[in-house]
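Listed below, chain by chain, are the residues.
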Number of protein chains: 2
Amino acid sequence: MSDLKLITKFEVADGFWGRYAGLVRDVVLPYQENALNDRIEDAEKSHCIENFRMAAEKLRTGKCDGEFYGMVFQDSDAAKWLEGAAYSLAQYPDAELERRCDEIIDLIGEAQHEDGYLNTYFTVKEPDKRWTNLHEAHELYCAGHMIEAAVAYAECTGKTKLLEIMRRMADHIYRHFIEEGAEGYPGHPEIELALMRLYRCTGEDKYRELALHFINVRGVNSDYYSQEKKRTPWSVWGFNPNNPIDKEYAQHAAPVRMQSKAVGHAVRAVYLYTGMADAALETGDNSLTDACKTLWNNITQCRMYVTGAIGSAYEGEAFTKDYHLPNDTAYAETCAAIGLIFFSNKMLYLERDGKYADVIERALYNCVLAGMQLDGTRFFYVNPLEVLPGISGQAQTHRHTLPVRPKWFACACCPPNVARLLSSISEYTWHTVSGKLFSNLYVGGTLDVSDMFGGKITLHTDYPYDNKVAYHFEPEGESMTVPLAIRIPAWSENTVIRLNNQAAEYEIRDGYAYLRGEFRDTDIVTVELDMTARKIYTSSKVSANTGKAAIERGPLIYCAEGVDNGDDVLSLSLKRGGAITVGEYLPGKLCGIRELYAEGYKEAEQKELYSYEAPAAEECTITLIPYYAWGNRGLNPMRVWIPEK
Amino acid sequence: MSDLKLITKFEVADGFWGRYAGLVRDVVLPYQENALNDRIEDAEKSHCIENFRMAAEKLRTGKCDGEFYGMVFQDSDAAKWLEGAAYSLAQYPDAELERRCDEIIDLIGEAQHEDGYLNTYFTVKEPDKRWTNLHEAHELYCAGHMIEAAVAYAECTGKTKLLEIMRRMADHIYRHFIEEGAEGYPGHPEIELALMRLYRCTGEDKYRELALHFINVRGVNSDYYSQEKKRTPWSVWGFNPNNPIDKEYAQHAAPVRMQSKAVGHAVRAVYLYTGMADAALETGDNSLTDACKTLWNNITQCRMYVTGAIGSAYEGEAFTKDYHLPNDTAYAETCAAIGLIFFSNKMLYLERDGKYADVIERALYNCVLAGMQLDGTRFFYVNPLEVLPGISGQAQTHRHTLPVRPKWFACACCPPNVARLLSSISEYTWHTVSGKLFSNLYVGGTLDVSDMFGGKITLHTDYPYDNKVAYHFEPEGESMTVPLAIRIPAWSENTVIRLNNQAAEYEIRDGYAYLRGEFRDTDIVTVELDMTARKIYTSSKVSANTGKAAIERGPLIYCAEGVDNGDDVLSLSLKRGGAITVGEYLPGKLCGIRELYAEGYKEAEQKELYSYEAPAAEECTITLIPYYAWGNRGLNPMRVWIPEK
């Protein structure tokens, strides 16, 4: 097992992430609990908990009233919610919430078959069809999410009931696929990364073996799904079994080590790569590491939006082709950006290169946060970089790019995924490996590393709006020895690191400043990041962004919304070489932001569709807000990439 | 009946249109005849003529071998080809071609039922289902095209056999829908405009009545198709009869006089509007005229590409929303641009405003001509304004935007539509109404108006590459009196009109110069158009074109192709205020063009996807070619709208 240690003893303090942690606790988790229990008015029904009740009843009595409702993977919504609740409980003990979680866990236990099998869709609706449709039926996907929840719940609360339930399910899967030699691999990857977590949590080798099995067999027989369809011709989604199967969609066109382009359904892709990277970390398998690097580079250098979003097309919720990054029709699913964070985090563990944390930060502060309304009650599944009222959400090609966040979704993968990510921010903030402590993100709060380094470290910051980050050391004894590696983001061109207001000694390597030495009680390491607001440009291979710039300050991508700019953003252009002014911190606006003000031009409205006159344009100041805060003030045009004149 | 007269006695001379007329005669018609007879290797099979053979055999013997093959509207391909052949025969008598046309007409006659019904799909495949699926089955559409062919063949060759066949079919339709009172209206409009032609050709009122009937009932019962599906639940396309029917797709959400936005399938829309405008012309129905004006304005002011293409989305081959004009994913079907020409031409007859001819010219010289390879053997169905190799034709969202013209299509509506349009260019070039002769397009050739104005007029020009157009008069007697109205395109800012090298007397009204007077044998009216190469800009409401300009000279939209610009067009930008130089006429390049050379910049290749440096750019000369000639030199990036710096 690698000597990587994840840090759970981190208490997020007030400030940017404190607000989100509180929001998850006070609003998001309760709201989503209500949604899973169908208690939200005017929202899509979930039926998720009810499905578990029905499965339990059927196992108890042999039958149940009513019908399974929802997606074939509806169980996973409860799993992701439980996982998020677990993380929240670790930070904010809440006996009542924990009791309700325990109740759901009891219910899940009751819905488990004696042989360990657990899946309400199959128990309630298709009891004879277990494991006959790996292509569509998401059994391994749901198992994976519930395993993640089980590990998180055990680690955060010390309670192992769900862990035992899911070990029995994992053992069931092991028997089926390893001992009984069943062929196949999951249509939607997730089980791989979950089994790696289960392995790390339990120390049980067979879970790692099973994860590696699914990784290794994937795409070796690239016709597996068509053979499966021929053998057991039933379909969850009503696919015509005679239609050819798109082998890119679920990343099985070739064995995973032969894959060099990120293709197909973007969430499936990054979940798979996360499992691969984690397996590489735990096995030292260089061929797997190399495949992960190739795929990560392909994503981040050819297929990623500036917001950290991935998946350019609604069709297949998928990656498309290199440099195809349309803004207004972007799919850019919230879950896919979350998956990219998972993948990048494993790559960071593997390689300790700040570029991975840069991508985590980009996806987190931009696409993922945009996925949730600031008040935590509405969610985006799709995160376009341009919104055109009258077209977005309405034209045939834009039905998916809703301009306002809906309350819930028939396919509700994203909301609980956001909740579990936001409540597990510590995992991305800190880790230790090879005896070093890595500070990856700037999240205010107190880290207890007494067991490893003999003390605590408190990080004070008003990041991402302020550029100063201070590490206060609190040794248990007189001093603590911490080999501390602080990530210096690539966007910070001039960074100043001081120890007690003196130049600190450190070495910069791969995006990290490596400090050495003992720290005493009053020692403070400060990092002053270069938060100059800057324009960012895209390679001209990306057609959608030619002649345009976006604006970034620190980790935040900014955008122009109509409400701040005379209700129109398409008429705006940036002035080449024009200044960008950073506004005061506005605590009352959009839950606290700084606006940016860019010198630009506003075109007069042109009456004709086409005209021979260059449109008249006046100098103007363009007001920009952080992308994550867009769409919180009603229907409104929005644009990230703005022409530059 | 209106006093509109279409002019058939116009002989296209050498030059731009002479080449096309020759190409249609020598290449396009023979090639398409081979295609209809399945004699083209490596191309999609047509089976069109074979379907007629099978239908004839079945009527003769009660059965036939083989199966109907192709689209439900496959018959219309033969109709459009016959119509094109008829126009060509009028210009270039060819006994052998005429003999083959007569043979096909004989075959069509043999495929007609005794009651006049004619449709090979129904005769061969679904003999019991006539008239039970107006929504999908294209019976009225096929009838309409064959009626058009019949009228054209009669007018061009004097032979009326096909006309008699199609009168019997029209009479059959009249009995079914008028006398027997069958409900419904065609899923794909076409019959309306065809019946108006049949009425004008035969003078038979019932055909006008029938056209008006289909126009007037459309959308009055907007649920007709769902009721039809319930009554006779069968589907040509495999639609689920329980799925709701999109009422915009076939323009039946409301009665036609209530429609104010051009919606749905673009070809259906403009064919419908063409019939409506023609009916308005023949009835003086102002409410119909007003609806046509509103729809035409909506198209040309909110939904038309600068190439005259329409239909922004592959999904439904359809119009989308106002100002939604994406370049790389444009559907922009060749047939839709042709339909826009039909519609605009009827509007021109109605209103005599040059703006309609401007749109005809824009669609004709740009989108329609681009629909055919310069050698006449390959065709585009879809005409994007930007081609990105590696993405176009390959990404999920770009499967329809092929970067190279295919040989033929399973749905082969466009190729014969181009043929019939190019061979009937005289219809758009000249017309007379209210005793005036209108010169709408500048097509070199000789017009014989002896019957109306006592002489001939020969137009000499090297248009569209040269700006001079000369009208030479050849009166039969000493002089001819011709009230001549010459269209002055909106793009020609400074136009000089002379009579025998002296300032001519004329009055400009609605885009036409109205000349008066007698012309003698040596009289020459010359028009010098202002063909300055100019940049054109789009309203900033069109997201795809913000910050960009296109370049136009005369009627031609230009584009940059990779082959002329170092294999890359996305790195190019135009210099704001930069000069555009008009090149020499190059007879050997792309069948004779002038290139344009624009001052611009070329960005250095940026290694990273995103970068904080404005990309380095060098001054360069951008070489542009006419849009219609793109894609004739292999796989190649192409761009019409180019950022301007």
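Residues numbered from 1 in each chain as written. Chains lettered and ligands numbered in written order. Predicted model: local features only at pLDDT ≥ 70, side-chain atom pairs only at ≥ 80, totals over all residues. Heavy atoms only, no water.

Enquirer: Would you mind going over the interface of chain A and chain B with me for this structure?
Expert: The interface of chain A with chain B comprises 62 residues on the first partner and 62 residues on the second. Summing both partners gives a buried area of about 4,900 Å² for chain A against chain B, and 55% of it is carried by carbon and sulfur. Contact with chain B buries surface across chain A, with Leu 609, Tyr 610 and Tyr 612 of chain A losing the most and accounting together for 19% of the total. Connecting chain A to chain B are two salt bridges. Between Lys 541 of chain A and Glu 605 of chain B there is a salt bridge whose closest N-O contact spans 2.8 Å. The tally of links between chain A and chain B comes to 24 residue pairs in polar contact (both at pLDDT 80 or more). With five residues, strand E17 (residues 534–538) of chain A is the single largest residue contributor to the side of chain A that touches chain B. Of the residues that constitute the side of chain A that touches chain B, the class distribution is 24 nonpolar, 18 polar and 20 charged. Pairing analysis gives two bridges linking strand E23 (residues 610–611) of chain A to strand E17 (residues 534–538) of chain B, with the strands arranged antiparallel. In the strand pairing of E17 of chain B, Tyr 610 of chain A is matched with Thr 538 of chain B. (Contact = heavy atoms within 4.5 Å. Buried area = accessible area lost by both parts, 1.4 Å probe. Salt bridge = Lys/Arg side-chain N within 4 Å of Asp/Glu carboxyl O. Polar contact = N/O pair within 3.5 Å; in protein donor to acceptor, adjacent residues only side chain to side chain. Helix = DSSP H or I, 4+ residues; strand = E, 2+ residues; numbered from the N terminus. Nonpolar A, V, L, I, M, F, W, Y, C, P; charged D, E, K, R; others polar. Pairing = 2+ DSSP bridges.)

Enquirer: Help me out: how do you make sense of the side chain of Glu 361 of chain A in this one?
Expert: Summarising the element assignment, Glu 361 of chain A is placed in helix H14 (residues 354–370). Discounting chain neighbours no more than four positions away, the residues touching Glu 361 of chain A are Asn 366, Leu 441, Tyr 442, Tyr 463, Arg 487, Pro 489, Trp 491 and Pro 555 of chain A.

Enquirer: Help me understand the pairing of strand E16 (residues 524–528) of chain B in this model?
Expert: In the case of a regular strand, side chains alternate between the two sheet surfaces. All names here are of chain B. Every second residue of E16 is oriented toward a common face, the buried set being Val 525 and Val 527 and the non-buried set Ile 524, Thr 526 and Glu 528. By the bridge criterion, five bridges tie strand E8 (residues 468–475) to E16 in an arrangement that is antiparallel. Residue pairing in the sheet places Ala 470 in a bridge with Thr 526 of E16. Taken together, the four bridges between strand E11 (residues 496–499) and E16 define a ladder with antiparallel strand orientation. Paired with Leu 499 across the bridge in E16 is Val 525. (Buried < 20%, exposed > 50% of the residue type's maximum accessible area, 1.4 Å probe, protein only.)

Enquirer: Please explain helix H13 (residues 334–351) of chain A as it appears in this structure.
Expert: The end-to-end C-alpha separation of H13 of chain A is 26 Å, in line with the 26 Å expected for 18 residues at 1.5 Å each. Along H13 of chain A, 17 of the 18 residues are buried, which leaves the element largely enclosed by surrounding structure. (Expected span 1.5 Å × (residues − 1).)

Enquirer: Explanation requested: the pattern of salt bridges in the structure shown.
Expert: Two side chains carrying opposite charge are able to pair once their charged atoms lie near each other. Tallied over the full model, the rule gives 86 salt bridges over all chains. In this structure, Arg 509 of chain B engages Glu 507 of chain B in a salt bridge whose closest nitrogen and oxygen atoms are separated by 3.2 Å. Among the residues examined, Arg 509 of chain B registers a relative accessible area of 35% and is labelled partly exposed. Here Glu 507 of chain B falls in the partly exposed class, since its relative accessible area comes to 40%. The network of salt bridges with common partners includes Glu 33, Glu 96, Arg 99, Arg 100 and Glu 103 of chain A.

Enquirer: Hey, could you run me through the relation of the copies chain A and chain B in this one?
Expert: One copy of the chain maps onto the other through a rotation about an axis plus a displacement along that axis. Laying chain A over chain B is done by rotating through 180° and shifting 0.1 Å along the axis; what remains is an RMSD of 0.0 Å. The operation mapping one copy onto its partner corresponds to a two-fold rotation axis. Identified as the residue of chain A closest to the rotation axis by C-alpha distance is Lys 645 of chain A, at 2.6 Å. (Least-squares fit on C-alpha atoms with pLDDT ≥ 70 in both.)

Enquirer: Sorry, what's going on with the side chain of Glu 148 of chain A here?
Expert: All names here are of chain A. Relative to the elements of secondary structure, Glu 148 occurs in helix H6 (residues 139–157). Relative accessible area serves as the criterion here: at 3%, Glu 148 is assigned to the buried category. Apart from the residues within four sequence positions on either side, Glu 148 is in contact with Glu 83, Glu 190, Leu 193, Ala 194, Arg 197 and Arg 420.

Enquirer: Looking at this model, I keep getting lost on the packing of helix H11 (residues 266–283) of chain B against helix H13 (residues 334–351) of chain B. Mind explaining?
Expert: Packed helix pairs are characterised by how far apart their axes lie and by the angle those axes make with each other. Residues and elements named next belong to chain B. Relative to each other, H11 and H13 sit at 15°, their axes nearing to 8 Å. By the criterion of interaxial angle, the relationship of H11 to H13 is roughly parallel. Viewed along their axes, H11 and H13 form a crossing whose handedness is left-handed. Facing H11, whose interface residues are Ala 266, Val 267, Val 270, Tyr 271, Tyr 273, Thr 274, Ala 277, Asp 278, Ala 280 and Leu 281, H13 presents Cys 335, Ala 336, Gly 339, Leu 340, Phe 342, Phe 343, Lys 346, Met 347, Tyr 349 and Leu 350. For the contact of H11 with H13, a count of residues per class yields 16 nonpolar, two polar and two charged. (Axes fitted to C-alpha atoms, helices over the stretch in contact; angles between N-to-C directions. Parallel < 35°, antiparallel > 145°, perpendicular 65-115°, else oblique. Left-handed = near helix turned anticlockwise from the far one by under 90°.)

Enquirer: Is there a simple way to think about unusual backbone geometry in this case?
Expert: Most peptide bonds take the trans form, and the phi angle of most residues other than glycine is negative. Between Tyr 463 of chain A and the following residue, Pro 464 of chain A, the backbone shows a cis peptide bond with an omega angle of 5°. Among the secondary structure elements, Pro 464 of chain A is positioned in the loop between strand E7 (455–461) and strand E8 (468–475). One non-glycine residue with positive phi stands out, namely Trp 131 of chain A, at about 60°. Locating Trp 131 of chain A in the fold gives a position in the loop between helix H5 (120–125) and H6. Positive phi values are uncommon outside glycine, yet Asn 500 of chain B reaches one of about 50°. Structurally, the position occupied by Asn 500 of chain B is in the loop between E11 and strand E12 (502–503).

Enquirer: What's the story with the state of the cysteines in this structure? I'm lost.
Expert: Linking two cysteines covalently via their sulfur atoms produces the bond known as a disulfide. Within this structure, the stated rule accounts for zero disulfides over all chains. With no disulfide of its own, Cys 302 of chain B has Cys 292 of chain B as its nearest cysteine by sulfur position, at a separation of 17 Å. (Disulfide = S-S within 2.5 Å.)

Enquirer: Explain the packing of H14 of chain A against helix H15 (residues 414–422) of chain A here, please?
Expert: Residue and element names in this part refer to chain A. Look at H14 against H15: their axes get within 10 Å of each other, and the N-to-C directions meet at 145°. Note that H14 runs across H15; the crossing there is left-handed. When H14 is examined against H15, the residues Leu 364, Val 368 and Leu 369 are found in contact with a partner set consisting of Val 418, Leu 421 and Leu 422. For the contact of H14 with H15, a count of residues per class yields six nonpolar, no polar and no charged.

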